[in-house]
Amino acid sequence: DQQVKQNSPSLSVQEGRISILNCDYTNSMFDYFLWYKKYPAEGPTFLISISSIKDKNEDGRFTVFLNKSAKHLSLHIVPSQPGDSAVYFCAAYDISGNTPLVFGKGTRLSVIA
Amino acid sequence: EAGVAQSPRYKIIEKRQSVAFWCNPISGHATLYWYQQILGQGPKLLIQFQNNGVVDDSQLPKDRFSAERLKGVDSTLKIQPAKLEDSAVYLCASSLIHGQGANKAFFGQGTRLTVV
């Protein structure tokens, strides 16, 4: 039972264009969402997060959008850079339920110069 | 600020052998997590500690896996005996406390275990 789904295993984008990574969740109790970035042979690093009381959070080139009714969130990277090439994991948890982070399977982003 | 330290980085063992992994979290972080990441999958929580107490170990295969966090700081994860399907990267993470915004967990580089 996958509570967090990233249905695109991979994505290729030209440098300078927008990268859009998608994530869907099934557990309506989730109220905090995070994106992690992972390079080969390294642990995941925190990128950006959003609380369910918001529908958008922006940090530099990275913006996360949350659509609670659709149980969907997306990560936008504009403009994409070759250094953004990595695996991106979506994660979610229920603050009040004190649940641990639940991760999706990840999307491998390749930014082509 | 020092990050989460894990050792060893790589380990190859035969099935039915035992293995142990070590984790030193970021100083002051009360919450420590062990995740298992199988190739092509996202990290899956094995066990979560709050200080030296276990908060969640519902997905820990307790017949072969054990973990402890002595004095609420360092932690070890042990597998005995190992099976082929235990081949994965074992990630340790820590966070300040578990809750609002604080569940931004910081991960170590992981230990890649290969069971042959």
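Reading the values: the criteria
Residues numbered from 1 in each chain as written. Chains lettered and ligands numbered in written order. Predicted model: local features only at pLDDT ≥ 70, side-chain atom pairs only at ≥ 80, totals over all residues. Heavy atoms only, no water. Helix = DSSP H or I, 4+ residues; strand = E, 2+ residues; numbered from the N terminus. Rg over C-alpha atoms; globule rule 2.2 N^0.38 Å. Buried < 20%, exposed > 50% of the residue type's maximum accessible area, 1.4 Å probe, protein only. Contact = heavy atoms within 4.5 Å. Pairing = 2+ DSSP bridges. Lys, Arg positive; Asp, Glu negative; His and termini not counted. Salt bridge = Lys/Arg side-chain N within 4 Å of Asp/Glu carboxyl O. Polar contact = N/O pair within 3.5 Å; in protein donor to acceptor, adjacent residues only side chain to side chain. Disulfide = S-S within 2.5 Å. Patch = residues over 30% accessible without salt bridge, like charges linked within 9 Å, V, L, I, M, F, W, Y side chains within 5 Å. Areas by Shrake-Rupley, 256 points an atom, 1.4 Å probe, with all protein chains shown as cover. Buried area = accessible area lost by both parts, 1.4 Å probe. Nonpolar A, V, L, I, M, F, W, Y, C, P; charged D, E, K, R; others polar.

Trainee: Let's hear about the overall build of chain B: which residues, and what values?
Mentor: Within chain B, the regular secondary structure consists of zero helices and 11 strands. For 116 residues, the compact-globule estimate of 2.2 N^0.38 gives 13 Å, and chain B sits close to it at 13 Å. With respect to the principal axes defined by its C-alpha atoms, chain B has extents near 40 × 25 × 25 Å. Of all 116 residues assigned to chain B, the portion counted as buried reaches 47%. A separation threshold of at least 6 residues defines the contact pool for chain B, and within that pool the share at least 24 residues apart is 53%.

Trainee: I'd like a description of the pairing of strand S6 (residues 56-59) of chain A, backed by residues and values.
Mentor: Looking at chain direction, S6(A) and strand S7 (residues 62-67) of chain A are connected through four bridges and run antiparallel. Looking across to S7(A), one finds that A:Asp59 is bridged to A:Phe62.

Trainee: Tell me about the side chain of B:Arg69, and please be specific about residues and values.
Mentor: Residues and elements named next belong to chain B. Mapped onto the elements, Arg 69 comes out in the loop between strand S7 (65-68) and strand S8 (75-79). The charged side chain of Arg 69 is buried without a salt bridge, its nearest counter-charge being Asp 74 at 7.3 Å. In terms of polar contacts, Arg 69 uses its side chain to reach the backbone carbonyl oxygen of Ala 30, at 2.5 Å. Within the structure, Arg 69 has its side chain in polar contact with the backbone oxygen of Val 73 (distance 2.9 Å). In this view, Arg 69 contacts Pro 25, His 29, Ala 30, Thr 31, Leu 32, Phe 49, Gln 50, Asn 51, Asn 52, Asp 74 and Ser 75; residues no more than four positions away in its chain are not counted.

Trainee: Run through the state of the cysteines, naming residues and quoting values.
Mentor: Counted according to the given criterion, the structure contains two disulfides over all chains. The disulfide partner of A:Cys23 is A:Cys90, and the gap between their sulfur atoms is 2.1 Å. Across the disulfide from A:Cys23 to A:Cys90, rotation about the S-S bond amounts to roughly -75°, and the bridge is consequently left-handed. Taken together, the residues A:Cys23 in strand S3 (residues 19-25) and A:Cys90 in strand S9 (residues 86-93) connect sequence positions 67 residues apart. For A:Cys90, a relative accessible area of 1% translates into the label buried. Between the sulfur atoms of B:Cys23 and its disulfide mate B:Cys92 the distance is 1.9 Å.

Trainee: How would you summarise the environment of B:Tyr33 if you had to cite specific residues and measurements?
Mentor: Turning to its location among the elements, B:Tyr33 is positioned in strand S4 (residues 31-37). Here the side chain of B:Tyr33 touches B:Ser95 through a polar contact of 2.9 Å, side chain to side chain.

Trainee: Please provide a residue-by-residue account of a nonpolar patch on the surface, values included.
Mentor: Residues and elements named next belong to chain A. A cluster of nonpolar residues, Ile 18, Ile 20 and Val 78, forms a patch on the protein surface that exposes about 230 Å² of accessible area. Its place among the elements puts Val 78 in the loop between strand S8 (72-77) and S9. Taking the relative accessible area as the measure of exposure, Val 78 reaches 41% and is therefore partly exposed.

Trainee: Mind laying out the interface of chain B and chain A, listing which residues take part and the relevant values?
Mentor: Put simply, an interface is often sized by how much accessible area is lost when its parts join up. Every contact between the two is made by 24 residues of chain B and, on the other side, 19 residues of chain A. In this assembly, chain B packs against chain A so that about 1,700 Å² is buried in total across both faces, 57% of it on carbon and sulfur atoms. Our count for the contact surface shared by chain B and chain A stands at zero salt bridges. For the pair chain B and chain A, the number of links is two residue pairs in polar contact (both at pLDDT 80 or more). When contributions to the side of chain B that touches chain A are tallied by element, the ones reaching two or more residues are S4, strand S5 (44-50) and strand S6 (53-56) of chain B. Classifying every residue of the side of chain B that touches chain A gives nine nonpolar, 12 polar and three charged.

Trainee: Account for the pattern of salt bridges, with residues named and values stated.
Mentor: Evaluated as defined, the whole model comprises five salt bridges over all chains. Among the ionic pairs, A:Arg61 bridges to A:Asp84, the shortest N-O distance being 2.8 Å. Taken together, the positions of A:Arg61 in the loop between S6 and S7 and A:Asp84 in the loop between S8 and S9 put the pair 23 residues apart, joining distant regions of the chain. When its relative accessible area of 3% is taken as the criterion, A:Asp84 is described as buried. As a salt-bridge pair, B:Lys62 and B:Asp57 come within 3.7 Å of each other at their nearest N and O atoms. Several salt bridges converge on common partners, so that one network encompasses A:Lys37, A:Arg61 and A:Asp84.

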